[in-house]
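Coordinate inspection notes
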Amino acid sequence: MKDAQPRTIYLKDYQAPDYWIDTTHLTFDLYEDHALVTAVLQMRLNDDIGCGGALPALVLHGEELDLVSLHRDGEELESDQFQLAKGTLTLPVEQPRFQLQIVTRIRPQENTSLEGLYKSNGMFCTQCEAEGFRKITYYLDRPDVMSVFTTKVIASQARYPVLLANGNAIDQGELENDRHYVTWEDPFKKPSYLFALVAGDLECVEDHFTTMSGRDVTLRIFTESHNIHKCDHAMVSLKKSMKWDEEVYGREYDLDIFMIVAVDHFNMGAMENKGLNIFNSSCVLASPETATDATYQRIEAIVAHEYFHNWSGNRVTCRDWFQLSLKEGFTVFRDAEFSADMNSRGVKRIQDASLLRTAQFAEDAGPMAHPIRPESFIEISNFYTLTVYEKGCEVVRMIHTLLGADQFRKGTDLYFERHDGEAATCEDFVKAMEDASGVDLTQFRNWYSQAGTPVITVTDRYEADTGDYHLTIAQSCPATPGQEHKQPFHIPVGLALLDEQGELLPLNAEGIHAEGDKEKVLSIKQTEETFVFKGCKSKPLPSLLRNFSAPVRVRYDYSKDDLVFLMKHDTDSFNRWDACQRLGVMAIEQLVEQSEQAVDPQLVDAFGAVIADPELDFAVKAEMLCLPSEASLAEQAEVIKPLAIVAARKKVKQAIAEAHSEALLALYNELSYERDYRPEATDIAERTLKNVCLGYLAAEDDAECLQRLAEQYNDASNMTDRRAALGCVVDARHRDERLVERVLTDFYDRYKDDANVMDDWFAVQSSSAELGTVEKVKALMQHDSFDPTSPNKLRALIGGFTRNMTHFHTAGGAGYEFLADRVIELDKQNPQVASRVMMPLTRWKKFEPAASGLMKKALQRIKAVHDLSTDVYEVVNKSL
Ligand code: PHE
Ligand code: ZN
């Protein structure tokens, strides 16, 4: 178990290890009630450590292990020759080079934390990032210790015909008593967090890829046999990723085989283990009947993400976990650009910016706020955050913007060349970018060390007599825990100026390179900077932060007319969409404050114009027609009033639906035609827009609309359309309860054997304003198809419920109490999931008093529990 008072670990205390592990030979003997792990380690003193004569004792990490035996250079050590303490094994060292043989017994069958070696649906699998390897054997479980691994897996042939580990298979054979073995060798040095092993009764699809230097790579995706027909999309995505990484980054795959295994029980999305990626089955398996367009795109992105880690993460890894964003921010940037190239670039940018502004901005404004390179943590698992991943991606994107694509590529080439085979730091990355491009990134480094979302406040003034337009950009950043005052950031601000006809003006101002361009990225470094643009015939309208050029908030006093103008004329898809969002936020906020008001007619008209616009591409149109989400409205509110937000948003949606019902129906009909399912950008855009229309049509109060929903639900030839109709039916419950029950039952009957689809069946109910009461969620927890040991099910049901503004925030606090009970219960079983599902409570300070006090009370109840995991302990203590 963990310490009573968990310790904080600081980046400033980093020290290189005393010893290296040159080679690691592992043997796993897998049985039905335990596993025996034999580790043979070639140890070597780190010469850089001054030790003044005596060799330092060796301190290995280890958790929940039974030590069976310990040999040093062939000699068994007795129990008085080493010390076992909580989390460590300490032994004296006599030679600068020595061999250790460690035998441990572990119990994968009882491992519910899903870290280390565990069982999922009868198969053995591992998850070692960040610190799971220490649950397998005693080791230097830190990413700067890189070793060459050989892994022998021994198990029952009948139960576990497939035995996998990292690298290439070099030996296999049969043993007595139905047992067999396979030995795998990974020639590349790697840290323990990239180790993986799988043993199971699995099938695979196989394909091949010829690399740019002409090598043949075998590609295999493994899954349980009943899902084998759902691997094709992941395979196609993998081949596209391999090709893209060669073309865009010059990176070639380096082993003879690349494997992906789908598992049902997994704490995260997927894991980039060298040559053997392990995936949450929800991020691999797809068929048109069971996966939505969004799932298809998510699979493509995650397969790419994990594959790209082979270079950004594995060949060059992280020195310590404070550097996590080195691999994650960069790899998210790589997968985002890949997805943009494969699909609609504009829409990808809108979706990513929207996620960042909704969820990462909220994180930055909450009690767990941290820089993309945190300075301290108690539990590293709590730092796999939107900040490290998504904001980290934005930071890399800003470097790309400031350097330009060519210099950026020179920078990545230099980074990979310099640090191949090493454990590097964020500083190494920035330095390579600087050295390759000559661009000074000194001030830019503040993005790595300072938390919080910067705000840029833009003011302007037009002088009619001279034609000068003065644009002033001021920046500031709110305080975050432990960081009262911030240094100014280096911010790239994309800019264009629109004239009265909506044309882009040439940008003529001092201090701007390439004068006369109509679009420009300003490189802002001061607390306040002013630009004077010459030759403007009338006051221009600024288009600011184009393409979301930096992860900041923009304050500019746009009138509603300005926003409507930008929605129509801006050439930047992101800003066109953003204008729409801003108008939506204004209209909804008005109603939140004064609910008896009428819905802003200007907004209703503007949405009408978007619906009717014949030039707008379908994908962007669909995004523009989505009102700001409840979560995004909450993030932007001064004080969150959950029920008022829900009501106001609904009222606005209804007003748009009523005013434009004919146009919406016409568009819906135009887009409703039979075709074969293809997960291609153009088809996806049409389906998305069609289903956005359906959502509006469903907001209308008539029988015809219910009829339409039922029809789309019944006749759908793919999951995207069926799932969209299901969502609308559930939302329409107050008009026809029997229809809702019928459709939910039908959905259950169709998909009850598909675990991933059933996740959604739970989520659609628990997140529904109509259905998802505390009582309903409690009842669903007892449902036969609910598996309380499955993180996917927990996230679907409980996560869905915490997103349900109506019922999670129900008066009296029953929703909060329910969540606190689940967190306390789950913490014993799976601390990572417990700590994640409790996040919504940590935002308590932003809620209106009635809610806020009750949320705090629920947190206090969690805090009072003895023996909390470090995961939950850290979150609850930082948020109170
Ligand atoms: N490293 C994984 C990724 O980004 C995420 C992960 C972290 C998975 C920790 C499991 C545990 O792809
Ligand atoms: Zn990653």
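Thresholds applied
Numbering of residues starts from 1 in every chain and runs along the sequence as written. Written order determines the labels here, with chains lettered from A and ligands numbered from 1. Restriction of local features to residues with pLDDT of at least 70 applies here, the model being predicted, together with a cutoff of 80 or more for giving and counting side-chain atom pairs; totals for whole chains, interfaces and linings are based on all residues. Two strands are counted as paired when DSSP detects at least two bridges linking them. Each helix is a run of DSSP H or I of at least 4 residues and each strand a run of E of at least 2, with the numbering of both proceeding from the N terminus. To get an axis, fit a line to the C-alpha atoms, keeping to the stretch in contact for a helix; angles then go from 0 to 180 degrees between the N-to-C directions. Under the convention used throughout, the expected extent of a helix is 1.5 Å for every residue step, that is, one less than its residue count. Any residue whose C-beta has 12 or fewer other C-beta atoms within 10 Å is treated as exposed, any with 20 or more as buried, and any in between as partly exposed, C-beta atoms being built from the backbone. By arc we mean the arc of the directions from the helix axis to the C-beta atoms, nothing more. UniProt positions are given in the numbering used here, feature names are shortened, and annotations may be inferred rather than shown by experiment. Residues enter a nonpolar core if they are buried, belong to Ala, Val, Leu, Ile, Met, Phe, Trp, Tyr or Cys, and are joined to the set through C-beta atoms within 7 Å. It is the C-beta atoms, placed from the backbone, that decide contacts: two residues are in contact if theirs lie within 7 Å. Roughly parallel here means an angle under 35 degrees, roughly antiparallel means over 145, roughly perpendicular means 65 to 115, and every remaining angle is called oblique. In this scheme the handedness of a crossing depends on how the near helix is turned from the far one: anticlockwise by less than a right angle means left-handed, clockwise means right-handed. Residue classes follow a fixed rule: Ala, Val, Leu, Ile, Met, Phe, Trp, Tyr, Cys and Pro count as nonpolar, while Asp, Glu, Lys and Arg count as charged, and any other residue, Gly among them, counts as polar.

What follows is about the sheet that holds strand E25 (residues 455-463). Ordered by their spatial adjacency, four strands build an open sheet running E29-E26-E25-E31, and the pairing between neighbours is mixed. For this open sheet the edge positions go to strand E29 (528-533) and strand E31 (553-555), each flanked by a neighbour on one side alone. Strand-to-strand twist across the sheet, computed as the mean angle between neighbouring axes with direction ignored, equals 20°. Relative to strand E26 (residues 468-476), E25 runs antiparallel, the two being bridged by nine bridges. When the sheet's bridge partners are listed, Tyr462 is paired in E26 with Tyr469.

Once that is clear, we can look at helix H19 (residues 737-751). Taking 1.5 Å of rise per residue, the 15 residues of H19 would be expected to cover 21 Å, and the 21 Å separating its terminal C-alpha atoms lies within 8% of that figure. Where H19 is concerned, the buried positions are Val740, Val743 and Phe747. One side of H19 carries all its buried residues, which in axial view fall inside an arc of 70°. Those residues of H19 that are exposed and aimed more than 90 degrees away from the buried face are Glu737, Arg738, Glu741, Thr745 and Asp749.

Time to look at the UniProt feature "domain: Peptidase M1 alanyl aminopeptidase Ig-like fold" (unreviewed entry) in the chain. As recorded in UniProt, the feature "domain: Peptidase M1 alanyl aminopeptidase Ig-like fold" (unreviewed entry) lies at residues 452-557. Between the C-alpha atoms that bound residues 452-557 there is a distance of 23 Å. The span itself is 0% helix and 42% strand.

What follows is about the nonpolar core. Counting residues in each nonpolar core, the largest one holds 253 residues, and the members touching the most others are Val198, Val261 and Val493. Leave out the neighbours within four places in its chain, and Val261 touches Cys125, Leu164, Val198, Phe222, Leu276, Ile278 and Phe279.

Moving on, we get to the packing of H19 against helix H20 (residues 755-766). What describes two packed helices is the angle between their axes and the distance between those same axes. Contact geometry for H19 and H20: axes closest at 9 Å, N-to-C directions at 165°. The angle between H19 and H20 falls in the class roughly antiparallel. Crossing handedness for the pair H19 and H20: left-handed. Here Phe747, Tyr748 and Tyr751 of H19 lie close against H20, whose contacting residues are Val757, Met758 and Trp761. In terms of residue class, the contact of H19 with H20 is built from six nonpolar, no polar and no charged.

Strands sit in the order E17-E18-E19-E21-E20 across an open sheet of five strands; the sheet is mixed. Where the open sheet ends on each side, the last strands, each with one partner, are strand E17 (203-210) and strand E20 (270-271). Across two bridges, E20 lies against strand E21 (residues 276-280) in antiparallel orientation. Counterpart to Ala270 in the pairing with E21 is Phe279.

In sequence, E25 turns back onto E26 through a hairpin of four residues, with Gly467 there showing a positive phi of about 75°. Summarising the sheet, E25 and E31 pair through three bridges and their orientation is parallel. Note on E31: the bridge partner recorded for Ile456 is Val554.

Quick look at the environment of Val729 now. One can find Val729 in helix H18 (residues 719-731). Look at Val729 and you get buried, because 25 C-beta atoms sit within 10 Å. Taking the C-alpha atoms as reference, Val729 lies 8.8 Å from Tyr713; in sequence the two are 16 residues apart. The residues contacting Val729, other than those within four sequence positions of it, are Leu709, Tyr713, Leu739, Val740 and Val743.

So, about the packing of helix H4 (residues 345-364) against helix H10 (residues 573-593). It is at 9 Å that the axes of H4 and H10 come closest, and there the two elements cross at 45°. In terms of orientation, H4 and H10 fall into the oblique class. Taken as a pair, H4 and H10 cross one another with a handedness that is right-handed. Contacts from Gly346, Arg349, Ile350 and Ala353 of H4 reach H10 at Ser573, Phe574 and Trp577. By residue class, the composition of the contact of H4 with H10 is four nonpolar, two polar and one charged.

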